[in-house]
Amino acid sequence: MTLASYAADDRRSRGRHHPEPGPGHRSEYQRDRDRIIHSAAFRRLEYKTQVFVNHEGDLFRTRLTHSIEVAQIARTMARTLGLNEDLCEAVSLAHDLGHTPFGHAGQDALNACMKPYGGFEHNAQSLRVVDELEDKYASFRGLNLMFDTREGILKHCSAARARTLGDVGERFLNRTQPSLEAQLANRADEIAYNNHDIDDGLRAHLLTIEQLREVPLFRRHHDEVAQRYGDISAKQQRHETTRRIINTLVVDLTESSRRALQQAGVSSIEDVRSRPEPLIRFSDEIQHENEALKRFLREHLYHHHQVYRIMVKAQRVVRELFAALLADPRLMPPDFFDAARQLESRDGETGRARVVADYVAGMTDRFALDEYERLFDPRRLR
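Attention in this report is confined to the structure presented alongside it. (Residues numbered from 1 in each chain as written. Predicted model: local features only at pLDDT ≥ 70, side-chain atom pairs only at ≥ 80, totals over all residues. Heavy atoms only, no water.)

Before going further, it helps to examine empty space enclosed by the protein. The gaps left among the atoms become clear once a water-sized probe is rolled over them. All told, the structure shown has one cavity of 30 Å³ or more when counted by the stated rule. Empty space within the largest cavity amounts to approximately 40 Å³. Every residue lining the largest cavity is listed: Val 70, Val 91, Ser 92, His 95, Gly 152, Lys 155, Ala 182, Ala 185, Asn 186 and Asp 189. Elements supplying a minimum of two residues to the lining of the largest cavity: α4 (85–94) and α10 (180–203). When residues of the lining of the largest cavity are assigned to their parent elements, the largest contribution, four residues, is made by α10. A per-class count over the lining of the largest cavity returns four nonpolar, four polar and two charged. (1 Å grid on protein atoms, 1.4 Å probe; cavity = no way out; pocket = protein on both sides within 12 Å on 5 of 7 lines; lining within 4 Å. Points joined across faces, edges and corners; volume = space filled by probe spheres on them. Helix = DSSP H or I, 4+ residues; strand = E, 2+ residues; numbered from the N terminus. Nonpolar A, V, L, I, M, F, W, Y, C, P; charged D, E, K, R; others polar.)

This is the structure:
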């Protein structure tokens, strides 16, 4: 496939921190994708919450299936726009590697625990995973990914943290844009989670079709399905509606972004980076409808009392694990205990807290629950 002039190209990239021989039969971004897929952090996503905690059912989305869905959507749009599919896929698969157990509730709890020590941001933690915590190679720590992949992983970042991140933090200080591939993966993430959360919410009976019909984007496509197919099963109705919503969002994002690129007159990735705002965007109408869908899900699903009750308990697990491990780092495995001692000798208690956060953030849902029982249930003395 011929890349557009403004697409990312591994031959013109800022490369890797640690130079390596070329990958030969793969592109550099394909090698990044392969390293991500073979990482321990990627495998752990199978047992990390998207909305529903792992033990609540085998058919609900996890962080792993979510990441795969994001990558599929991103690749489709990248091909249409002449962007680098391999980079889009690598960023999509890696964007949640640093996420905590128990979804955003776990992240909020860990951020509160880390407040005295600089806070916790899951995007920055994903970067930390690929830069530092994966430990498989003899020549370097981390996965030694390409600059463009690392840049795409870091979707959001505070200015204070950006100052500590070197090359990938520069754009948050200079207020420049990442590659179009990074912008596209970010939007694909949004499309994926909005629509699979509809599906999972209906499957869990926490949402109803009648409620969702309050949302114009859903109602329009639900009416299309009813008009075309009449009396079909609830499962078919759910799937036919959500796939039409995804298609509408993908088509609109692709066409609106194409127009924005033409109007901006960009001809290189440098032009893309210098723009005051992202060029991958929805039309105003679809952006408005998509925001209405997000507000609905926040109010009726993410804040649903059944989800809320579980997440309150999950946050208690994260808080108490963090406090116990910070007070006595020897409760962690030896490699984490050694790392905590080393960082504490350099950075004081902040260094120790950062290693504890690494350990807790890396836990799956079920490991966190088991570890909690092992530490706090007197009946489990092993």
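We now examine the pattern of salt bridges. For the coordinates displayed, the defined rule picks out 43 salt bridges. A salt bridge links Arg 35 to Glu 20, with the nearest nitrogen and oxygen atoms 2.7 Å apart. Here Arg 35, found in helix α1 (residues 28–37), pairs with Glu 20, found in the segment before α1; they are 15 residues apart in sequence, far enough to count as distant. Overall, the relative accessible area of 8% leaves Arg 35 in the buried class. Note that Arg 75 and Glu 85 form a salt bridge whose closest N and O atoms lie 3.0 Å from each other. Here Arg 75 is found in helix α3 (residues 63–81), whereas its partner Glu 85 is found in helix α4, with ten residues between them in sequence. For Arg 75, a relative accessible area of 22% corresponds to the partly exposed category. (Salt bridge = Lys/Arg side-chain N within 4 Å of Asp/Glu carboxyl O. Buried < 20%, exposed > 50% of the residue type's maximum accessible area, 1.4 Å probe, protein only.)

Nothing here speaks to function; it is geometry throughout.
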